[in-house]
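Structural features, examined
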Amino acid sequence: MAAAQLKVKIISHKKVNGAFRLLEFDSALVAKNASPGQFLEIKVCDNGFPLLRRPISIHGVKGSKVKVIYEVVGEGTRILSGRKPGDFLDVIGPLGNGFGYTVKRPGASRDILVAGGLGVAPLVFLAEKMKMNKNLVLIGARNKGQILCRSEFKDLGFKVFVATDDGSAGFNGKVTELLKEILSDASGERPGNIYACGPQPMLKAVAGISGEEGIPCQLSLERHMACGFGACLGCAVSTKSGYKRVCKEGPVFAAGELTW
Amino acid sequence: MVKNINPDLSVKIGKLCLRNPVMVASGTFGYAEEFSGFMDLKKLGAVVTKTVTVNPRPGNIPPRTCETPSGMLNSIGLENPGIDKFIKEKLPFLKKLGIPVIVSISAETDPREFQSLVEKLESIDSVSAIELNISCPNMQKDKLISQDARETYSVVKTVRGMTGKCLIAKLSPNVTSISEIALAAEEAGSDAVAMINTLAGMSIDVKKRSPKIGSWAGGLSGPAIRPVAVRMVWEAYKKINIPIIGMGGIMDTQSALEFIIAGASAVSVGTANFVNPATSLEIISGLERYMRDNRISNLDGIIGKLQACV
């Protein structure tokens with residue numbers, strides 16, 4: 001669906017935990033056109049510093065409400081975090097190609113979602129749209145306090161596994177090690193697909209594991225972007241068929257298509 | 001009662017007539033199609049395409065962009081489908097817009113490539129003008145054509161002999177004397193100069209101790225470079241008689257006016273297209289308002305009308 005540049009009104013804006021924020025705005029157009037894995041380019045300031053929009057993935061849609069989660073990491077997101085309900089935001093979206101999926105029928109094979117940190121954001125949206133149940137989500141985080149959206153996935157009927165780098169909750173180690181362990185459990189059902197979003201090293205490891213196991217896998221990538229809509233060619237990623245734009249041909253790619 | 005003024009925004013660049021002086025800078029607007037969902041492209045003064053080369057180019061190793069204080073660095077490396085595919089797949093859309101199309105071209109290794117490119121474009125009516133990109137900083141070259149007055153003269157002169165189309169030389173700010181290069185372009189028969197291309201720059205991730213751009217250095221653009229660009233337009237305007245297309249960090253009407261007052265006959269919006277795709281259209285209406293408010297009937301009343309501080 002075509003992206004548009006819009007002024008949208010913030011409905012709510014709150015702290016999730018730590019530096020994570022949940023922002024909801026009203027836009028029937030974005031809500032109607034958005035699909036899981038797509039993102040928005042949000043303008044954070046008007047005075048040219050920081051200059052560029054911030055690409056943030058769509059976390060969910062309800063009626064005409066659109067949700068995003070982001071982490072306050074730098075000047076741009078710090079400014080964004082100061083915006084209040086009632087304020088207007090300049091957004092462009094929905095942008096990019098989201099996940100390829102089919103709505104699940106009863107008895108369909110199980111899928112696994114793998115999220116690292118803020119990577120949960122588009123996967124919750126995907127889970128809602130796929131109407132999956134009996135499925136697994138593996139959430140990786142640095143520590144217990146950084147685990148996001150556990151209850152959202154539970155409410156959607158997911159079995160949730162957690163991995164933390166410091167062992168403060170769930171599996172002690174990387175979420176990709178947890179994925180390996182689950183896949184090597186012979187008694188477990190073999191997943192039909194793997195969908196993942198998270199930091200680059202995690203995605204690379206997921207691509208490796210899915211390749212070895214021969215399980216179809218889609219990855220949502222993150223890259224620095226100048227425009228977000230295919231004009232600047234700045235967010236190129238290396239694939240088997242040459243450079244592709246993360247903002248346009250992605251951000252979701254088949255794992256087997258990428259070269260690392 | 002004072003009669004209202006209906007400002008005339010039209011301007012001539014060589015034999016090219018523009019309805020208004022606002023265009024979009026090469027490399028920041030793709031082949032225009034990318035922006036069709038955000039704005040009425042037909043309102044633009046002209047479109048300048050992403051630079052095209054003889055052969056397809058995959059572009060530079062990522063990461064290709066990073067943000068800097070009030071600006072950004074890029075090292076795209078002239079990724080483009082090559083001239084034949086451009087003519088076949090990109091030009092038809094541009095033609096349909098009905099506005100002047102300026103095709104930006106560049107040589108990869110041998111300046112003679114400019115000749116093969118011009119040969120292919122010369123017979124195409126929908127190509128209104130040719131911009132010679134002799135100033136891309138991201139080609140891993142020790143010296144750019146536009147960093148040498150003699151080279152600039154020679155390339156422009158050769159191309160001039162091959163085409164009757166409006167010819168624009170795009171100049172690099174990474175020089176000791178911009179007017180020397182601008183003069184060389186003028187003497188060789190260029191109809192106009194476009195200035196400035198990006199400033200060579202670098203940014204370092206201190207945590208990783210590595211450059212933020214895959215090809216180490218890149219080209220700086222955005223409001224950060226605007227004062228440098230305005231100064232260069234002013235310098236060149238004093239020395240040359242051909243029109244200047246001014247650019248470098250234009251974000252709004254005010255900044256576009258700075259360039260016009262410094263001596264630019266037209267302006268190009270670049271990096272601002274990424275931030276606000278409709279910037280160029282907002283500037284067109286802003287200029288009209290400025291002229292009406294100041295009772296200026298045509299652009300000659302502003303171009304180069306810089307006065308000393310009082």
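Located above this text is the structure these notes cover.
Residues numbered from 1 in each chain as written. Chains lettered and ligands numbered in written order. Predicted model: local features only at pLDDT ≥ 70, side-chain atom pairs only at ≥ 80, totals over all residues. Heavy atoms only, no water.

**Examining the overall build of chain B**
For clarity, the threshold we go by: Secondary structure is summarised from DSSP: a helix means a run of H or I of at least four residues, a strand means a run of E of at least two, and numbering begins at the N terminus for each. Only C-alpha atoms enter the radius of gyration; for comparison, a globular chain is expected to reach 2.2 Å times N to the power 0.38, where N is the number of residues. Whether a residue is buried, partly exposed or exposed follows from its accessible area with a 1.4 Å probe, protein chains only, as a fraction of its type maximum: under 20%, in between, or over 50%, in that order. Only the protein chains shown count as cover for residues, and all accessible areas are computed by the Shrake-Rupley method using a 1.4 Å probe. When charges are tallied, Lys and Arg are placed among the positive residues and Asp and Glu among the negative ones, while His and the ends of the chain are skipped. To locate a charge, the coordinates of NZ of Lys, CZ of Arg, CG of Asp or CD of Glu are taken.
For chain B, the helix and strand inventory stands at eight helices and 16 strands. For 310 residues, the compact-globule estimate of 2.2 N^0.38 gives 19 Å, and chain B sits close to it at 19 Å. Each principal axis of the C-alpha atoms in chain B carries an extent, and together these give about 65 × 50 × 40 Å. Per-residue burial over chain B gives 61% buried out of 310 residues. Of the accessible surface of chain B, which amounts to about 13,000 Å², a share of 51% is contributed by carbon and sulfur atoms. Side-chain charges of chain B comprise 35 positive and 30 negative groups, with the mean position of each set lying 2 Å from the other.

**Points about the pattern of salt bridges**
Selection criterion: Whenever Lys or Arg places a side-chain nitrogen within 4 Å of a carboxyl oxygen from Asp or Glu, that contact is recorded as a salt bridge.
A complete count under the given rule lists 20 salt bridges over all chains for this structure. Across the salt bridge formed by D165(A) and K174(A), the nearest N and O atoms sit 3.8 Å from each other. The residue K120(B) makes a salt bridge to D84(B) at a minimum N-O spacing of 2.8 Å. With a gap of 36 residues between them, K120(B) in helix α2 (residues 113-122) and D84(B) in helix α1 (residues 83-97) connect regions that are remote in the sequence. On the accessibility criterion, K120(B) (36% relative accessible area) is partly exposed. For D84(B), a relative accessible area of 45% translates into the label partly exposed. Here the salt bridges do not stand alone but share partners, grouping K7(A), R53(A) and D90(A) into one network.

**Digging into the sheet that holds strand β8 (residues 129-133) of chain B**
Residue and element names in this part refer to chain B. Here is the rule we go by: If DSSP finds at least two bridges between two strands, the strands pair. Only the stretch in contact is used when a helix axis is fitted, and all axes are lines through C-alpha atoms; the angle between N-to-C directions ranges over 0 to 180 degrees. The contact criterion used throughout is that any non-hydrogen atoms of two residues lie within 4.5 Å.
Ordered by their spatial adjacency, eight strands build a closed barrel running β3-β4-β7-β8-β9-β10-β15-β16, and the pairing between neighbours is parallel. Geometrically, the sheet is characterised by an average inter-axis angle of 25 degrees between neighbouring strands, direction not taken into account. The pairing of strand β7 (residues 101-105) with β8 spans four bridges and is parallel. Within the sheet, the bridge partner assigned to S104 lies in β8 and is E131. Each of β7 and β8 touches α2; the most contacted strand, β7, lies at about 155 degrees to it.

**Considering the side chain of D148(B)**
Residues and elements named next belong to chain B. To keep it simple, the criterion reads: Nitrogen and oxygen atoms within 3.5 Å of one another constitute a polar contact, given that in protein one can donate a hydrogen and the other can accept it, and given that sequence-neighbouring residues count only through two side-chain atoms.
By secondary structure assignment, the location of D148 is in the loop between β8 and α3 (149-160). Here the side chain of D148 touches E151 through a polar contact of 3.0 Å, landing on its backbone nitrogen. Leaving out residues up to four positions away in the same chain, D148 has contacts with K143 and I181.

**What to know about the interface of chain A and chain B**
The interface is formed by 24 residues belonging to chain A together with 34 residues belonging to chain B. Here E67(B) and R54(A) are joined by a salt bridge, their closest N and O atoms 2.8 Å apart. Linking chain A to chain B there are seven residue pairs in polar contact (both at pLDDT 80 or more).

**Here's the deal with the pairing of strand β5 (residues 65-71) of chain A**
All names here are of chain A. The element β5 is extensively covered by neighbouring structure, given that five of its seven residues are classed as buried. Taken together, the seven bridges between strand β2 (residues 20-26) and β5 define a ladder with antiparallel strand orientation. From the neighbouring strand, R21 faces β5, where its bridge partner is Y70. The pairing of strand β4 (residues 54-62) with β5 spans four bridges and is classified as antiparallel. Bridge pairing in β5 links I58 to V68. Hairpin geometry of β4 and β5 is characterised by an intervening segment of two residues between the two adjacent antiparallel strands and by a positive phi of about 60 degrees at G63.

**A closer look at the packing of aromatic side chains**
To keep it simple, the criterion reads: When two rings of Phe, Tyr or Trp (its six-membered ring) have centres within 6.5 Å they constitute a pair, described as stacked for plane angles under 30 degrees, edge-to-face for angles over 60, and tilted for the intermediate range. For a Lys NZ or an Arg CZ to count as sitting over a ring, it must be within 6 Å of the ring centre and within 35 degrees of the ring normal.
Using the criterion set out here, one finds six aromatic pairs over all chains in the structure. Where F29(B) meets F35(B), the ring centres are 3.9 Å apart and the plane angle is 15 degrees; that geometry is what we call stacked. The side chain of R64(B) reaches across the aromatic face of Y243(A), ending 4.6 Å from its centre. Over the ring of W234(B) we find K238(B); its NZ or CZ atom is 3.6 Å from the centre of that ring.

**A look at helix α4 (residues 178-187) of chain B**
All names here are of chain B. Burial analysis of α4 places seven of its 10 residues in the buried class, the great majority of the element. Turning to α4, its buried residues number three or more, namely I178, S179, I181, A182, A184, A185 and E186. Buried residues along α4 sit against α3, β9 (166-170), β10 (192-195) and α5 (226-239). Looking one or two residues beyond α4, the residue adopting positive phi is G189, at roughly 105 degrees.

**Looking at unusual backbone geometry**
Here F49(A) and P50(A) are connected by a cis peptide whose omega angle stands at -5 degrees. Cis geometry marks the peptide bond from P62(B) to P63(B); its omega dihedral reads -5 degrees. Among the structural elements, P63(B) can be located in the loop between β4 (46-48) and β5 (65-68). Residues other than glycine seldom take positive phi values, yet W216(B) does so here, at roughly 75 degrees. At R295(B), a position not held by glycine, the phi torsion is positive, near 55 degrees.

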